[in-house]
Amino acid sequence: MPTCRRKRVVLTEPSETLLQAAKSNPNKEVYYLQQTGEIFETYEAYAARMSFYRLKQFQCEVTGKSGLDYFQALESEQQEAQTMHSRFPEPLKAAVLKAVQWQVVGRLDHLVEAVFDRFKDRYFVDEKVFVDAQGDKFYAKVVQVHPPKTKSDDVDVPAENQASSSSVTSPPQVIVDDDAVQIHKVGGDLKIPAKEALVRDDPLKYSYKVQILEEQHEKSHEKGKAASKDKAKWSGSFMDVQCSVMSRDRLAFSKSILRRFIRDCVDRDAAVASPWTVKPVIAKHYGVDSVMPEETRKGVEDIKRGEIDKRKKIWEDKEGPPTKKQKKMTAAQEERVKALAVAAEKREREAREKAERQQKAKEEAERLAAEKKKKKPIRYPTEDLDVRLNDKEKKAGLKVKKPTPSKLGVPFGENQGTFEAFLTSWNFLVIYGQPLHLSTFTMDEFEHALRHSLVDPPCALLGEIHSTLIYNLRTVPFTRHSAVLSLLRLQDTLEEEHRVLSVSIDELAGAMADVGNNWERIPLRHNEMRDGWEEALLGCLKDHATLDNFPRLREVLTRLLFAPEPHAEVSSSSSSSRVSSPAANNLTVQSSPSERYYALPPADRIDILTLMCNLAVSSKAVHSHMESCEEQLTALRKEKIEIGRQKKQYTEEMNSLAGETEVKEPGTNGTVPDEDTTMHESSDLSDVPSEDGSETASTSSARQKRSARQKDLRQKAHTQAHAKQRELARAQAASAKQALAEHRRLDEEVNKLERRLEAIEREFRKLLGAVRIKPLGKDRFHNRIWWFDGMGSASLLGSGGVVQYGTGRIFIQGPSEMDLELMLKKEDDDYETRRLEEEGPEGMLAPSEWAQYSEPEELDEFLAWLNPKGVRELALKNSFIKWWSHIAPGMRKRISDLNISAKLPEARRSTRTKPSGHDVSREPYMMWTNRRAVNSV
């Protein structure tokens, strides 16, 4: 069994409630851990146990290997056990297990020692052994075992190591089963003392008949073919030997292997003086008696009782001898007893005081150790919830409270479920805009389009979205009239004349019969404003939707095919709320989807788009696009690695050029004269006095000529030296200029590579969004931070480097249920109080609740609140720093666009002489055009 921190891992037993539920409800669904056979009632318990098993903190009990998970340790133990069982002699297993059964031995090592000493010279039938004969070692098999001869035996024992062929008469054999059972019975019984067992059952008196299997360990000094032929005749022959010339293979029988075998096959209770018992399955396999004999049981109880009495006596000796009734003493004896009592009391008081001092010293040492441990510096970054602002950091201006994100500013924030469906639909349409042939649009435009309720002018954005999805769903397999069939199955479970919005299922099915039947062949052309897409949408819902994948199918189809009475519609439109009017809920007049779609509530439109997006994920176009994105991501990763190598190479070249320039600069002053010039000058001057031996012998004219010649030579030498210095300076200046030009060129190359890396990061984000979407990170309370811009077909930069945005906001999602459970398990931390203090009651988000930051100033405050000492918030802050040059401009661009669109209606109204309604066609979402549309699609 694998161990964890030196303790065996105990498997989890099913709870009482689960056992009772199994009797009352056999079909109850549970979580089954196949590797261990454990059963759990909840997924949380199953996941927690699986997470525990996956930790790298388990140890193989057999080999001692550590740093494994539970399943690796279990596999290691099973492999080692299989190897051990295959090596350990099979005939010896039953004898060893019978010997250790019911043995009361404190340590396993002592039991192994006793078993090894008893069986090292005792052999059994069918055992493979080594036999030393005439200086050679043979591999043999024990065929028969002959117990020691009694006095009545009149047949002499064959001489030791004498080989005999199979035809030679063998010594008398013990063939009776009862006698065969007696082999090594006394010697293998550990209840009998070792000396007594040796006298009664001496292993040296046993005789064994073995069959030679093959020759082993031939001596190298033997020569000649005659010797080889002589030994070859032993193969297959029989031999009578004794244990003194027999031995086992050390890989099959040794103390270490014996220890592993016994530990794998036996077990023991934790009680005092508990006996070693063979595991029931193994005992049954090897014929070991699993029922403790009465005599053995009494012996075990006596040993246990004796051990308990021994411990009790030791305890009583510590407490002191019991008081006894004493005889009447004399005065001298009383004085002596009093003196002894005083001395004993004094010793006891001193011992008590000493114990108190030791206890105080121990407590003080523990306190100092705990303080030292507390004062031990924390290595950052660490777990975010373990990081708290101290007074110094608070005085320095670090924020304690997080800026409150807006919940109401989220689109359709009054219903969080509707917002999640809205966000999923927008994200799908923007990311897969390329395979859908759909241009990108902002989240604000998508929200306003879903709220558009006018039939004239129609919203082009809604028509393009639904048309592209309808074309895509034509390639997805579907079942004809699946919606009608689903509604008819629902009708069987409802009462008769059950109506929704005053329409029965029969009436609804009749209205659906003639609408959208050929939806997959309707030509929804872009140049014809996608005319007829509403009827095609209804046909698509008829063949793709069911009550399982679209629970509000009946209500939505009813609203698309039926309208209220004209007077009720007028009264409801004049009222402040369409839903609040009872007449609006009675749809009695059959209508067409082209007239009724714009009367649908935004929530129903979002549900329709969510269904269509979920179905479009399985289309061939989307799958092909995802595979293409995977391939491009791989290519970008390789390119990024190559660019990193080039950048490193250019940087090293720039550093080497800078070093060479620094080395050359000190030598440009020309303070050291050229060596060739100096040597030339000295040689020219040395030739002058050699023309005349002495100055006294020459005339004055000769001296004048000589001095003039020397002056000319010196001037010539100086001129040559200056010329060489100027030439060297010009060469150095040219070299420095060339190095500077090369440095500038390399610097430009590095800048190009950095710009390419930035472009790769943006492209990587776009492609990765088509495969999987990940948040920017989590804060200390496990709130997830999302930024959806620049993914899929959307881009962060337009032509000419113009900033573009999709949402222009940062969304905050509340922690998941699992994250909340993990945080609440921290017993030393008042989690809810801290959240209330640092987030505020309005800033605390429940699971699956959303909020947003829409202004850069709010985001700046949020970044200032993040503490980089925490692991999660450090990673989150780094992500914000990485993308800040795109996040902040996108938020400002959105605010600017909203302000412009808010001012336009006022400007238009101010130019008119009389008031008129708002011109919806000038809204940004109405001016959107699909530049990726194909005329035939």
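What you see is a predicted model, and the numbers here were worked out from it, not measured in a lab.

A. Region of the structure containing a nonpolar patch on the surface. Taken together, the side chains of Y31, Y43, M818 and L822 define a hydrophobic patch exposed on the protein surface, amounting to about 410 Å² of accessible area. Within the secondary structure layout, M818 lies in helix α28 (residues 817-824).

B. Structural view of the pattern of salt bridges. With the rule as written, the count across this model stands at 44 salt bridges. Note that E838 is salt-bridged to R780, the shortest N-O span being 2.7 Å. On the criterion of sequence distance, the pair formed by E838 in helix α29 (residues 831-839) and R780 in the loop between β18 (777-778) and β19 (784-786) is long-range, its members being 58 residues apart. The burial state of E838 is the same as that of R780; both residues are buried.

C. Looking closely at the sheet that holds strand β1 (residues 3-4). Taken in spatial order, the 3 strands of this open sheet run β2-β1-β5, and their pairing is antiparallel. Looking at the sheet topology across the chains shown, the edges are occupied by β2 (7-8) and β5 (58-59). As judged from the 2 bridges shared by β1 and β2, these two strands associate in the antiparallel manner. From the neighbouring strand, T3 faces β2, where its bridge partner is R8.

D. Looking closely at the sheet that holds β19. The antiparallel open sheet is built from 4 strands, whose spatial order is β18-β19-β20-β21. Looking at which strands have only one partner, the edges of the open sheet turn out to be β18 and β21 (850-853). Here strand β20 (residues 810-813) pairs with β21 via 4 bridges, running antiparallel. From the neighbouring strand, I812 faces β21, where its bridge partner is A851. Packing against the sheet, helix α14 (residues 416-431) makes contact with β20 and β21, and its axis sits at approximately 65 degrees to β21.

E. Here's a closer look at the packing of helix α4 (residues 90-100) against helix α9 (residues 255-265). With their axes 11 Å apart at the nearest point, α4 and α9 run at an angle of 65 degrees to one another. Of the possible angle classes, the one that applies to α4 and α9 is roughly perpendicular. Read as a crossing pair, α4 and α9 show a hand that is right-handed. Residues K93, V96, L97 and V100 of α4 form the contact with α9, whose own contacting residues are L258, F261, I262 and C265.

F. Examining unusual backbone geometry more closely. Y380 connects to P381 through a cis peptide bond whose omega is 0 degrees. With respect to the helices and strands, P381 occurs in the loop between α12 (331-375) and α13 (391-395). One non-glycine residue, H437, lies in the positive phi region at around 60 degrees. Within the secondary structure, H437 sits in the loop between α15 (433-436) and α16 (443-450). Even without being a glycine, S502 presents a positive backbone phi close to 65 degrees. Within the secondary structure layout, S502 lies in the loop between β14 (499-500) and β15 (503-504). The class for S502 is partly exposed, based on a relative accessible area of 26%.

G. Quick peek at the packing of aromatic side chains. This model, assessed by the stated rule, comprises 35 aromatic pairs. Between F88 and F261, the aromatic rings sit 4.3 Å apart at their centres with planes inclined by 10 degrees, giving stacked as the arrangement. With F88 in the loop between α3 (70-87) and α4 and F261 in helix α9, the pair connects residues that are 173 residues apart, well separated along the chain. The exposure class assigned to F261 is buried, which follows from its relative accessible area of 0%. Ring geometry for W786 versus F788: centroids 5.6 Å apart, planes at 5 degrees, classification stacked. Lying over the aromatic face of Y471, R474 brings its terminal NZ or CZ to 4.4 Å of the ring centre. The aromatic ring of Y380 is capped on one face by K869, whose charged end is 5.0 Å from the ring centroid.

H. Layout of α9. Every buried residue belonging to α9 is among I257, L258, F261, I262 and C265, and all of these are buried. The buried residues of α9 occupy an angular sector of 130 degrees when projected down its axis, which confines them to one face. Considering only its buried residues, α9 is in contact with α3, α4, α5 (108-119), β12 (266-267), β13 (277-278) and α10 (280-286).

I. Quick peek at the side chain of S793. Within the element layout of this structure, S793 appears in the loop between β19 and β20. Once residues within four sequence positions are removed from consideration, S793 is found in contact with V430, I431, G433, Q434, T440 and R932.

J. Looking closely at the layout of surface pockets. The computed volume of the largest pocket comes to approximately 940 Å³. As for the largest pocket, its lining consists of 37 residues, and the residues nearest its centre are F441, T442, E445, Y805 and D897. Going through the elements one at a time, α14, α16 and α31 (871-910) are the ones with two or more residues in the lining of the largest pocket. Element by element, the count of residues in the lining of the largest pocket is highest for α31, at 7 residues. Here the lining of the largest pocket is composed, by residue class, of 16 nonpolar, 11 polar and 10 charged.

K. Quick look at the nonpolar core. Core analysis: the biggest nonpolar cluster contains 94 residues, and L429 and L469 have the highest contact counts within it. Apart from residues lying up to four places away in sequence, L429 is in contact with L436, L438, F441, F446, I465, L469 and C613. Counting 30 residues, the second largest nonpolar core, distinct from the first, contains L108, F119, L190 and I262.

L. Examining the side chain of N930 more closely. Position of N930 among the secondary structure elements: in the segment after α31. Classification of N930 by relative accessible area gives buried; the value is 5%. A distance of 2.9 Å separates the side chain of N930 from the side chain of E464, its partner in a polar contact. Separated by 3.3 Å, the side chain of N930 and the backbone nitrogen of R932 make a polar contact.

M. Main features of the environment of E420. With respect to the helices and strands, the residue E420 is situated in helix α14. Classification of E420 as partly exposed rests on a relative accessible area of 28%. Along the backbone, E420 and S848 are 428 residues apart, and their C-alpha atoms lie at a distance of 8.7 Å. In this view, E420 contacts Q813, S848 and W850; residues no more than four positions away in its chain are not counted.

N. Quick peek at the pairing of strand β6 (residues 128-133). In terms of strand pairing, β6 meets strand β7 (residues 136-146) through 6 bridges, oriented antiparallel. The partner of A133 across the bridge, within β7, is D136. Between β6 and β7, which pair antiparallel one after the other, the connecting turn spans 2 residues, and Q134 there sits at a positive phi close to 55 degrees. Strand direction decides the pairing type here: β6 and strand β11 (residues 246-247), joined by 2 bridges, are antiparallel. In the strand pairing of β11, V131 is matched with M246.

O. Focus on a negative patch on the surface. Residues E855, E857, D860 and E861 make up a contiguous surface patch of negative charge. With respect to the helices and strands, the residue E861 is situated in helix α30 (residues 856-865). Take E861: its relative accessible area is 38%, and that puts it in the partly exposed class.

P. Focus on the environment of P847. Looking at where P847 falls in the secondary structure, it is placed in the loop between α29 and β21. Here P847 falls in the partly exposed class, since its relative accessible area comes to 27%. Here P847 is in contact with P815, E817 and L820, once residues within four sequence places are set aside.

Q. Summary view of the confidence of the model for the chain. The predicted model of the chain has a mean per-residue pLDDT of 81, with 82% of residues at 70 or higher. Per-residue pLDDT stays below 50 along residues 570-583; that stretch engages in 12 contacts with residues further than four places along the chain or on separate chains. The model gives residues 667-697 a pLDDT under 50, and that stretch makes 25 contacts with residues more than four places away or in other chains.

Cut-offs used in this document
- Residues numbered from 1 in each chain as written.
- Predicted model: local features only at pLDDT ≥ 70, side-chain atom pairs only at ≥ 80, totals over all residues.
- Heavy atoms only, no water.
- Patch = residues over 30% accessible without salt bridge, like charges linked within 9 Å, V, L, I, M, F, W, Y side chains within 5 Å.
- Areas by Shrake-Rupley, 256 points an atom, 1.4 Å probe, with all protein chains shown as cover.
- Salt bridge = Lys/Arg side-chain N within 4 Å of Asp/Glu carboxyl O.
- Helix = DSSP H or I, 4+ residues; strand = E, 2+ residues; numbered from the N terminus.
- Buried < 20%, exposed > 50% of the residue type's maximum accessible area, 1.4 Å probe, protein only.
- Pairing = 2+ DSSP bridges.
- Contact = heavy atoms within 4.5 Å.
- Axes fitted to C-alpha atoms, helices over the stretch in contact; angles between N-to-C directions.
- Parallel < 35°, antiparallel > 145°, perpendicular 65-115°, else oblique.
- Left-handed = near helix turned anticlockwise from the far one by under 90°.
- Phe/Tyr/Trp six-rings, centres within 6.5 Å; stacked < 30°, edge-to-face > 60°.
- Lys NZ or Arg CZ within 6 Å of the ring centre and 35° of its normal.
- Arc of directions from axis to C-beta.
- 1 Å grid on protein atoms, 1.4 Å probe; cavity = no way out; pocket = protein on both sides within 12 Å on 5 of 7 lines; lining within 4 Å.
- Points joined across faces, edges and corners; volume = space filled by probe spheres on them.
- Nonpolar A, V, L, I, M, F, W, Y, C, P; charged D, E, K, R; others polar.
- Core = buried A, V, L, I, M, F, W, Y, C linked by side-chain atoms within 4.5 Å.
- Polar contact = N/O pair within 3.5 Å; in protein donor to acceptor, adjacent residues only side chain to side chain.
- Lys, Arg positive; Asp, Glu negative; His and termini not counted.
- Charge placed at Lys NZ, Arg CZ, Asp CG, Glu CD.
- pLDDT = per-residue confidence, 0-100.

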